[in-house]
Amino acid sequence: MSTPPPGPRRKKFPVNPAHPERTCWGCDRYCAADAMLCGNGSERSQHPAELFGPDWAEWLPPEEGQGARGDGDGADGDQPSASSTG
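Below is a short write-up of the structure. (Residues numbered from 1 in each chain as written. Predicted model: local features only at pLDDT ≥ 70, side-chain atom pairs only at ≥ 80, totals over all residues. Heavy atoms only, no water.)

For the chain, the count of helices and strands is one helix and zero strands. Every one of the 86 residues in the chain was classed for burial, and the buried ones make up 12%. Here the analysis covers contacts within the chain between residues at least 6 apart in sequence; of these, 27% occur between residues at least 24 apart. Just so you have it, the chain exposes about 7500 Å², and 52% of that area is on carbon and sulfur atoms. (Helix = DSSP H or I, 4+ residues; strand = E, 2+ residues; numbered from the N terminus. Buried < 20%, exposed > 50% of the residue type's maximum accessible area, 1.4 Å probe, protein only. Contact = heavy atoms within 4.5 Å. Areas by Shrake-Rupley, 256 points an atom, 1.4 Å probe, with all protein chains shown as cover.)

Most peptide bonds take the trans configuration, and most residues that are not glycine carry a negative phi. Of note, the phi angle at Y30 is positive, near 50 degrees, even though the residue is not glycine. Mapping Y30 onto the fold places it in the segment before α1 (48-52).

Going through the model one piece at a time under the given rule, you end up with one salt bridge. Ionic pairing is found between E50 and R44, a salt bridge with its closest N-O pair at 2.7 Å. Taking the relative accessible area as the measure of exposure, R44 reaches 21% and is therefore partly exposed. (Salt bridge = Lys/Arg side-chain N within 4 Å of Asp/Glu carboxyl O.)

Below, the structure is given as structure tokens:
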């Protein structure tokens, strides 16, 4: 009995590439930005580091019960008050 051959390996996704603007990050091909082969739209997909900064991989979602900015008490103005009329 032999083990089946391993399947195709996925490419390791670089966390902070040196020049992310030179590559399209929209699929597993990682085409050059000026020679996209997959036709994944007319513009290249940006790397998360370009969109969210170099610490994008350490981001954690807010804990349940907390707002996007902190304590979740609604005092930071992002929630409409009960006294407002529509």
